[in-house]
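Spelled out from the first residue to the last, the chains are:
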Amino acid sequence: MGSLPIAEARHRDLFDHAPDMFGSVDAATGIILSCNQNLATALGATKTDVLGRSVSSLHHADCLDDVERACQSLVETGEVHDAELLLQRPDGSTIDVSLNASSIRDDTGRVVRGWFIWRDISRRKRAEVALRASQARYENLYDDAPDMFASVDVATERIVQCNQTLVTVTGCSREELLGRPVREIHDPGCWPELAEALVRVRQTGRVRDVELQLTRHGTLIDVSLSAAAISDERDNLYYRATWRDVTERKRAQLALHQKQRELEHSRQELQALAARLMTAQEDERQRLSRELHDDLNQRLALLALEIETLERDLPESRPTTLARLRVLHDHVVALSNDVHTLAYQLHPSILDDLGLSAALESLTDDFTQREGIPVDIVQSVPDSIAPDVGSCLYRVSQEALRNVARHARAERVTMTLTRVEDGISLMISDSGLGFAAEAAAEPRQGLGIVSMQERVRLVNGRFSLTSQVGEGTQVLVWVPLPKDER
Ligand SMILES: Nc1ncnc2c1ncn2[C@@H]1O[C@H](COP(=O)(O)OP(=O)(O)OP(=O)(O)O)[C@@H](O)[C@H]1O
Ligand SMILES: [Mg+2]
């Protein structure tokens, strides 16, 4: 075989088995003059069957108008581009194809034949159908989501897409929403926050939970906006915005705040009541103390004097009566001393007369004498301390020592009262049994620690108690001094 027939055979082979379907068509009659094997196979026929048929007969009835238009375009312009048509097999099944054609002209320039190329696009079509179906499913999801969604063009800040929920909540139709500046669905009062949020999306890619308000026919809906920057396949930039209706949450928060305010109000009332009670208690103690000291004690002193006079007036010949009078006199003096101590404990006049330092010295001396526990006391505070501060520190020391006596079984107590930069600090620590610190936080039967705390709070100070089993107990107090006394 010569080289020319070989080349021709190869050419024919290529032509027959090329992936596309080829055919030449007579321009005047539309009759197929030649075709490749691929076209015949695709149509479920032989080449002989195909040749001589009209080009329209290869196509499905639904696209005959399009075939007609393609042929016309071929004659008029010499070309056909990407006409989407359906080829039909004898069994009625169809093949999606895209037709491109070019013309073959005679010497006068007249189109005499067309060179048709059909490309099988069934796969692409199937993918498109599947895509549309999944889009429809997605849109369903998107539309029925409980949150409101929209895509907003970054350049114009107008809504380009939105879901049904946004339509329902804003009460605007989809047509009204699409193309509308996004800020217009918001309350003008929060436009600055919205603008700021959009700036942040551009800078950082997203924002979360920005609290804004949407409008619906004049009423406001509290929403939380989250947005992210996205781009489509053509690199157009959008904000993907999601609004969540937080009206209910806001309402619950408001109710909670209201309750908290009421609770705070009650707490303040209770504290004020405690303060009044403590002041009243202190006044009452002072009154009782004065009464005991100035009245009862004076009368007891007078009684003792009278007994002494009686003693002097009685003749020595009555030794038994004299002895009984002496016993009576000693009882009255002892009673008077007790009343004096009681009056002192109720309200130590020394606190008013000589100040806090002297009163604490006297308190610790009495404590040591009574309990047999030594107290190391270190004091460096000014003489003149406001009466309420002095009284508070005295009462705290009194209760702390009383607790040591009752609960600590301590061998030593240390008390330090020092002037610190802006106030006075008091520390009372013992070397006793201590108690579990967490127990100090539990509701207690005793009132001592609570009242120490309350007293310190009333003069705007700070109170702390630290204790550990086996490690002793430490009471720490700081009270502020008025600015002019610092
Ligand atoms: N210095 C201490 N050493 C050991 N335990 C202490 C000390 N101070 C307080 N406690 C413990 O803390 C508890 C509470 O003390 P608080 O002063 O509040 O009440 P109380 O002394 O029991 O009673 P009240 O002071 O009302 O007469 C005490 O019962 C005791 O168990
Ligand atoms: Mg106590």
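Computed from a prediction, not measured in an experiment: that's the story for all the values here.

### What to know about the overall build of the protein chain
No. 1: If you tally the helices and strands in the protein chain, you get 15 helices and 15 strands.
No. 2: Taken over C-alpha atoms, the radius of gyration comes to 53 Å for the protein chain, far larger than the 23 Å a tight globule of 486 residues would show.
No. 3: Projected onto its principal axes, the C-alpha coordinates of the protein chain cover approximately 175 × 60 × 45 Å.
No. 4: A burial count over the protein chain gives 22% of its 486 residues as buried.

### What to know about the sheet that holds strand E6 (residues 148–153)
No. 1: With antiparallel pairing, the five strands of this open sheet are ordered in space as E7-E6-E10-E9-E8. Edge strands, defined here as strands with exactly one partner in the open sheet, are strand E7 (159–162) and strand E8 (206–216). Between one strand and the next, the sheet's axes are offset by a mean angle of 30 degrees, whatever the strand orientation.
No. 2: Relative to E7, E6 runs antiparallel, the two sharing three bridges. Looking across to E7, one finds that Val152 is bridged to Ile159.
No. 3: Lying over the sheet, helix H8 (residues 191–204) contacts E8, strand E9 (219–231) and strand E10 (237–245), oriented at roughly 150 degrees with respect to E8.

### Let's talk about the domain arrangement of the protein chain
No. 1: Domain annotation of the protein chain identifies domain 1 (3–120), domain 2 (145–245), domain 3 (251–347) and domain 4 (351–485).
No. 2: Between domain 1 and domain 3, the C-alpha centre-to-centre distance is 124 Å.

### Here we look at the site of ligand 1
No. 1: Every one of the 16 residues lining ligand 1 counts as a neighbour, but Asn403, His407, Gly446, Gly448 and Ile449 are closest to it.
No. 2: Of all the secondary-structure elements, those providing two or more residues to the shell around ligand 1 are helix H13 (387–408) and helix H15 (448–458).
No. 3: Of the residues forming the shell around ligand 1, the biggest block, five residues, is contributed by H13.
No. 4: Of the residues in the shell around ligand 1, the class split is six nonpolar, seven polar and three charged.

### Focus: the sheet that holds strand E2 (residues 32–35)
No. 1: Across the sheet, which stays open at both edges, the five strands sit in the order E2-E1-E5-E4-E3 with antiparallel pairing between neighbours. Looking at strand neighbours, the two that pair on one side only are E2 and strand E3 (79–88), the edges of this open sheet. Pairs of neighbouring strands in the sheet enclose a mean axial angle of 30 degrees, with direction left out of account.
No. 2: Of the strand pairs in this sheet, strand E4 (residues 94–105) and strand E5 (residues 111–120) are connected by nine bridges, and their pairing is antiparallel. Note that in E5 the partner of Arg105 across the bridge is Val111.

### Focus: H8
No. 1: In a regular helix each residue adds 1.5 Å, so 14 residues correspond to 20 Å; H8 covers 20 Å between its end C-alpha atoms and thus fits that length.
No. 2: Residues of H8 that are buried include every one of Leu194, Ala197, Leu198 and Val201, and no others. Take H8 and look down its axis: the buried residues cluster within an arc of 100 degrees, on one side only. Facing away from the buried side of H8, by more than 90 degrees, are the exposed residues Pro192, Ala195, Glu196, Val199, Gln203 and Thr204.
No. 3: Close packing links the buried residues of H8 with E8, E9 and E10.
No. 4: Note on H8: the residue one or two positions beyond its end, Gly205, has a positive phi of about 95 degrees.

### Quick word on the packing of helix H9 (residues 247–313) against H15
No. 1: Packing of H9 against H15 brings their axes to within 10 Å, and their N-to-C directions diverge by 100 degrees. Between H9 and H15, the crossing angle belongs to the class labelled roughly perpendicular. Residues Ala274, Ala275 and Met278 of H9 form the contact with H15, whose own contacting residues are Glu454, Arg455 and Leu458.
No. 2: Grouping the constituent residues of the contact of H9 with H15 by class yields four nonpolar, no polar and two charged.

### Considering the pairing of E6
No. 1: The two faces of E6 differ: Met148, Ala150 and Val152 on one face are buried, but Phe149, Ser151 and Asp153 on the other face are not.
No. 2: Relative to E10, E6 runs antiparallel, the two sharing six bridges. Across the sheet, Phe149 pairs through a bridge with Thr242, a residue of E10.
No. 3: The loop that links E6 with its antiparallel partner E7 comprises five residues; one of these, Glu157, has a positive phi angle of about 55 degrees.

### Here we look at unusual backbone geometry
No. 1: One non-glycine residue, Asp82, adopts positive backbone phi at about 45 degrees.
No. 2: Mapped onto the elements, Asp82 comes out in strand E3.
No. 3: Among the residues examined, Asp82 registers 9 C-beta atoms within 10 Å and is labelled exposed.
No. 4: Non-glycine residue His217 carries a positive phi angle of around 45 degrees.
No. 5: Mapped onto the fold, His217 is located in the loop between E8 and E9.

### Re the nonpolar core
No. 1: Membership of the largest hydrophobic core comes to 31 residues, with the highest contact counts inside it found for Leu356, Leu393 and Val396.
No. 2: Only helix H12 (356–371), H13, strand E12 (413–420), strand E13 (423–430), H15 and strand E15 (472–480) provide two or more residues apiece to this core.
No. 3: The biggest single contributor to this core is H13, with nine residues.
No. 4: Val396 has contacts with Leu426, Met452, Arg455, Val456 and Val477, leaving out every residue within four places of it along the chain.
No. 5: Membership of the second largest hydrophobic core comes to 25 residues, among which are Ala150, Val152, Ile221 and Val223.

### Observations concerning the environment of Ala280
No. 1: Residue placement: Ala280 occurs in helix H9.
No. 2: When the C-alpha positions of Ala280 and Ile32 are compared, they lie 119 Å apart, and in sequence the two are 248 residues distant.

Thresholds applied
Residues numbered from 1 in each chain as written. Chains lettered and ligands numbered in written order. Predicted model: local features only at pLDDT ≥ 70, side-chain atom pairs only at ≥ 80, totals over all residues. Helix = DSSP H or I, 4+ residues; strand = E, 2+ residues; numbered from the N terminus. Rg over C-alpha atoms; globule rule 2.2 N^0.38 Å. Buried ≥ 20, exposed ≤ 12 C-beta atoms within 10 Å, placed from the backbone. Pairing = 2+ DSSP bridges. Axes fitted to C-alpha atoms, helices over the stretch in contact; angles between N-to-C directions. Contact = placed C-beta atoms within 7 Å. Domains from an automatic or database assignment. Near = placed C-beta within 6 Å. Nonpolar A, V, L, I, M, F, W, Y, C, P; charged D, E, K, R; others polar. Expected span 1.5 Å × (residues − 1). Arc of directions from axis to C-beta. Parallel < 35°, antiparallel > 145°, perpendicular 65-115°, else oblique. Core = buried A, V, L, I, M, F, W, Y, C linked by C-beta atoms within 7 Å.

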